[in-house]
Amino acid sequence: EVQLVESGGGLVQPGGSLRLSCAASGFTFSDRYMDWVRQAPGKGLEWVGRIRRKVDSYTTEYAASVKGRFTISRDDATNSLYLEMNSLNTEDTAVYFCVRSATGWYNWFDTWGQGTLVIVSS
Amino acid sequence: DIQMTQSPSAMSASVGDRVTITCRASQGISDYLAWFQQRPGKAPKCLIDAANKLQSGVPSRFSGSGSGTEFTLTISSLQPEDFATYYCLQHKGYPPTFGQGTKVEIK
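Caption draft 1: How the structure looks around the overall build of chain A. Tallying secondary structure elements over chain A gives 0 helices and 11 strands in all. Listing every helix and strand of chain A by position from the N terminus yields β-β-β-β-β-β-β-β-β-β-β. Against the globule reference of 14 Å for 122 residues, chain A gives a C-alpha radius of gyration of 14 Å, in line with a compact fold. Dimensions along the principal axes, computed over C-alpha positions, put chain A at roughly 40 × 30 × 25 Å.

This is the structure we're talking about:
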């Protein structure tokens, strides 16, 4: 069974940092692009960023709203995905979902984790 | 960025009703369009990809159509478990963008 399990969410002060993790299982993690998508309380879905595979040099893409503050990385040896978040502000408060994607033009976001809540507040 | 406009933003319907949700792209996206269902407190689930391809395990009462800038998600006979929020997603390029969502509530 394909599973994505996020962890690391919590309460952080504005300007602070937090690192989210995602443990993947049930599929060949190294073969897939991986994404982060977030959802502010009561709001819609917002794509955060993507990391490609080793064969793609682990290149990344980011939403303009997080570029320069957030960093996505992965460890294929442990089937783990990470989101390093710096300079957090209240607008970053959201549930963060770890999402599996295909490598082509279709089947983006085909499997989602249950999400982890990040609250940025003083 | 490509903007995705969904309509309606919310609707009330009864079990057995036919429901249609529309998504309009600000520029042509071919068929790089997916539909997601999100139940309260749960993660989104992909229903349809490539505008009209039903994902494995998704009931056949769900269907998608469209190409270019205009897309529809149709539920042919609404079931109790279908009351949820639905999102479209364009993935023609970066950044991928979602519609604002359509909440389907019980009438």
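Caption draft 2: Local environment of the packing of aromatic side chains. Taken as a whole and assessed by the stated rule, the structure comprises 12 aromatic pairs over all chains. Each ring, one from Trp 108 of chain A and one from Phe 109 of chain A, has its centre 6.1 Å from the other, and the planes form 55°; the classification is tilted. Among the residues examined, Trp 108 of chain A registers a relative accessible area of 3% and is labelled buried. An aromatic cluster is present here, built from Trp 47, Phe 97, Trp 108, Phe 109 and Trp 112 of chain A together with Phe 36, Tyr 94 and Phe 98 of chain B joined pairwise through their rings. Sitting over the ring of Tyr 33 of chain A, Arg 52 of chain A keeps its end group 5.9 Å from the ring centre. Above the plane of the ring of Phe 29 of chain A lies Arg 74 of chain A, whose end atom (NZ or CZ) is 4.5 Å from the centre.

Caption draft 3: The sheet that holds strand β1 (residues 4-7) of chain B, seen in detail. Residue and element names in this part refer to chain B. The strand order across the open sheet formed by 4 strands is β1-β3-β8-β7, and the pairing between neighbours is antiparallel. The open sheet is flanked by β1 and β7 (62-67), the only strands paired with a single partner. Adjacent strand axes in the sheet meet at a mean angle of 15° when their direction is disregarded. Note: β7 against strand β8 (residues 70-75), 6 bridges, orientation antiparallel. Looking at the pairing, Gly 66 lines up with Phe 71 of β8.

Caption draft 4: Geometry of the interface of chain B and chain A. At the junction of the two partners, chain B supplies 18 residues and chain A supplies 19 residues. Both faces combined, the contact of chain B with chain A buries some 1700 Å², and carbon together with sulfur accounts for 66% of it. Where chain B packs against chain A, one counts 0 salt bridges. On inspection of chain B and its partner chain A, the count reaches 7 residue pairs in polar contact (both at pLDDT 80 or more). The set of elements that each furnish at least two residues to the side of chain B that touches chain A consists of β4 (33-38), β5 (45-49) and β9 (85-90) of chain B.

Cut-off values and rules
Residues numbered from 1 in each chain as written. Chains lettered and ligands numbered in written order. Predicted model: local features only at pLDDT ≥ 70, side-chain atom pairs only at ≥ 80, totals over all residues. Heavy atoms only, no water. Helix = DSSP H or I, 4+ residues; strand = E, 2+ residues; numbered from the N terminus. Rg over C-alpha atoms; globule rule 2.2 N^0.38 Å. Phe/Tyr/Trp six-rings, centres within 6.5 Å; stacked < 30°, edge-to-face > 60°. Buried < 20%, exposed > 50% of the residue type's maximum accessible area, 1.4 Å probe, protein only. Lys NZ or Arg CZ within 6 Å of the ring centre and 35° of its normal. Pairing = 2+ DSSP bridges. Axes fitted to C-alpha atoms, helices over the stretch in contact; angles between N-to-C directions. Contact = heavy atoms within 4.5 Å. Buried area = accessible area lost by both parts, 1.4 Å probe. Salt bridge = Lys/Arg side-chain N within 4 Å of Asp/Glu carboxyl O. Polar contact = N/O pair within 3.5 Å; in protein donor to acceptor, adjacent residues only side chain to side chain.

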